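Here is how the chains run, residue by residue.
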Amino acid sequence: MAESSSILPGATIGILGSGQLGRMLAMAARTLGYHVHVYSPDSNSPAGQVADREIVAAYDDLDRVREFARAVDVVTFEFKNVPSATSRAAAEVTPVRPDGHVLHVTQQRLREKTFLQEHGFPVTPFRAIHSLEDLELATRELGLPGVLKTASFGYDGKGQQTVRSEEALPGAYDLLRGAEGIYEAFVDFEKEISLVAARTADGAFSAFPVFENTHHHHILDVTFAPAAIPPALATQAESLARGILDALGVVGLLTVEMFVTRDGRVVVNELAPRTHNSGHLTLDACITSQFEQQVRAICGLPLGSTGLRTPAAMVNLLGDVWFDAGGTPDWSAALSDPDVRLHLYGKAEPRRARKMGHLTLSAPTVDEAIRRVRMARDRLVPSRHR
Ligand code: AMP
């Protein structure tokens, strides 16, 4: 099939991975009249619960992967640590969007930052770390403090640490446990923003408004839009994202996480070749959600309007809420504000730091949206509001 021919409603979308991003993607796909098959090692998964078919198999069972790919019209993924061999096996039979090259570049921090740097996109200075000597040299060249991260398979701040002194270097290096590392010069940022953007096989591009994010223990806590940044910075962030999607040849969605430095520059931190936690508010606040946009982009449909209907804020609900509430959170109390939208991901077992759901609230001003959605989350834990 020609790259640019459309995959129309009625066709079947295959998703590698079956977490909450896959769930919300599957729901958007079904709204548009597509069938959905998901593939992951987990059963009764967040995405499997809402899909037409849930295939439970290992990612390295390449025969099963090919069989899965043969039964669908396009394959996409909802997490970026899908092994290269898996996406290659799927691509032998069906288009994989974004393709394996995008996955390859973005699933390893050193490759990703090298790609960005070589294409002239702003990143913080960094060095590859394979030994304690590398780390000592890197800190002499780039200074302290800095951030030492594992080059592969990190998310939500896992596998990363801020290094502040020479004395801390041996201990920090040991925590890599022999894995390849990356040392990054510390970015003295004023805020963190993200931009979710889509690109079709024909090169059509569309970006959502810039989201502003705050983290708690390295995990996204609150996102709001519009971001409190000057319009020129928002334009700069969007053109950066456009350049990155073009340079990578993305067909689908890609999220660019960025820092805004205290001197007003935008620096790219990380790429995710998929929808993003910070884009969840698009479900309730934008004309087209990030999940619908992903479907449109991978299927070659016209991209939808990304317009924000009203200012909005989203808070994550981690498993901690269940523990703090001593059992079931007080849903009725949170929903007593009629503008609150509740999204739960169908995960049976709450665990600390596990993303279980989120709340979104739209309001006339962004400050009001943030205040009221945080209050709603506080009400989930009875001892916090009595
Ligand atoms: P990451 O896993 O790369 O997304 O990093 C998680 C969080 O750590 C980011 O959202 C930042 O808050 C912080 N961080 C990561 N890299 C740096 C850096 N080079 N300088 C300062 N803070 C950083």
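Residues numbered from 1 in each chain as written. Predicted model: local features only at pLDDT ≥ 70, side-chain atom pairs only at ≥ 80, totals over all residues. Heavy atoms only, no water.

**A closer look at the environment of D330**
(1) Moving on: Among the secondary structure elements, D330 is positioned in the loop between α11 (320-324) and α12 (331-334).
(2) Moving on: Separated by 49 residues in the primary sequence, D330 and R379 have C-alpha atoms spaced 6.9 Å apart. (Helix = DSSP H or I, 4+ residues; strand = E, 2+ residues; numbered from the N terminus.)

**What to know about the layout of surface pockets**
(1) Moving on: Of the pockets and cavities examined, the second largest pocket occupies roughly 350 Å³.
(2) Moving on: Lining the second largest pocket are 15 residues, with H216, D221, L318, D320 and R377 sitting closest to its centre.
(3) Moving on: Counting residues per element, the ones that place at least two in the lining of the second largest pocket are β12 (219-225), β15 (312-318), α11 and α13 (366-379).
(4) Moving on: Counted by class, the lining of the second largest pocket contains five nonpolar, three polar and seven charged residues. (1 Å grid on protein atoms, 1.4 Å probe; cavity = no way out; pocket = protein on both sides within 12 Å on 5 of 7 lines; lining within 4 Å. Points joined across faces, edges and corners; volume = space filled by probe spheres on them. Nonpolar A, V, L, I, M, F, W, Y, C, P; charged D, E, K, R; others polar.)

**Looking at the domain arrangement of the chain**
(1) Moving on: Looking at the assigned domains, one finds that the chain contains domain 1 (12-96), domain 2 (125-185) and domain 3 (189-384).
(2) Moving on: Summarising the inter-unit geometry, the C-alpha centres of domain 2 and domain 3 are found 29 Å apart. (Domains from an automatic or database assignment.)

**Brief notes about the pairing of strand β1 (residues 12-16)**
(1) Moving on: The buried fraction of β1 amounts to five of the five residues, a majority that puts the element mostly inside the structure.
(2) Moving on: Covered by surrounding structure in β1 are T12, G14 and L16 together with I13 and I15, the residues of both alternating faces.
(3) Moving on: Examined bridge by bridge, β1 and strand β2 (residues 35-40) share five bridges and lie parallel to one another. Within β2, the position partnered with I13 by the bridge is V36.
(4) Moving on: Examined bridge by bridge, β1 and strand β4 (residues 74-77) share four bridges and lie parallel to one another. (Buried < 20%, exposed > 50% of the residue type's maximum accessible area, 1.4 Å probe, protein only. Pairing = 2+ DSSP bridges.)

**A closer look at unusual backbone geometry**
(1) Moving on: Look at the link from R97 to P98: it is a cis peptide, with omega at -10 degrees.
(2) Moving on: Within the secondary structure, P98 sits in the loop between α3 (84-91) and α4 (100-106).
(3) Moving on: Put simply, A225 and P226 share a cis peptide bond, and its omega is 0 degrees.
(4) Moving on: With respect to the helices and strands, the residue P226 is situated in the loop between β12 and α8 (231-248).
(5) Moving on: One non-glycine residue, A353, lies in positive phi territory at about 70 degrees.

**Focus: the pairing of strand β8 (residues 181-185)**
(1) Moving on: Most of β8 sits inside the fold, with five of its five residues counted as buried.
(2) Moving on: Residues of β8 alternate between two faces, with G181, Y183 and A185 on one and I182 and E184 on the opposite face, all of them buried.
(3) Moving on: In the sheet, strand β6 (residues 146-150) pairs with β8 via five bridges, with the strands oriented antiparallel. Along β8, the bridge assignment pairs T150 with G181.

**Re the sheet that holds strand β7 (residues 160-163)**
(1) Moving on: Taken together, four strands build an open sheet; the order of strands is β5-β8-β6-β7 and the sheet is antiparallel. Each of the sheet's edge strands pairs with one partner strand only, and the pair in question is β5 (126-129) and β7. Averaged over neighbouring strand pairs, the angle between their axes works out to 25 degrees when direction is ignored.
(2) Moving on: Sheet topology note: the β5/β8 ladder contains four bridges and is antiparallel. (Axes fitted to C-alpha atoms, helices over the stretch in contact; angles between N-to-C directions.)

**Regarding the nonpolar core**
(1) Moving on: One finds I244, L248, L254, M258 and V268 to be the most contacted residues of the largest nonpolar core, which totals 33 residues.
(2) Moving on: Looking at this core, the elements that each hand over two or more residues are α4, α5 (109-118), β9 (189-199), β10 (205-207), α8, β13 (252-261) and β14 (266-272).
(3) Moving on: By residue number, the principal contributor to this core is α8, which donates seven residues.
(4) Moving on: Counting contributing residues per domain, this core is built from domain 2 (125-185) and domain 3 (189-384), each supplying no fewer than three.
(5) Moving on: Excluding residues within four positions of it along the chain, L254 makes contact with V102, T106, L195, V196, A197, I244, L245, L248, L271, A272, P273 and R274.
(6) Moving on: Grouped together as the second largest cluster of nonpolar side chains are 23 residues, A11, L25, A26 and A51 included. (Core = buried A, V, L, I, M, F, W, Y, C linked by side-chain atoms within 4.5 Å. Contact = heavy atoms within 4.5 Å.)

**Here we look at the environment of T114**
(1) Moving on: On the secondary structure map, T114 appears in helix α5.
(2) Moving on: By relative accessible area, T114 is classed as partly exposed at 28%.
(3) Moving on: Taking the C-alpha atoms as reference points, T114 and T310, separated by 196 residues in sequence, lie 38 Å from one another.

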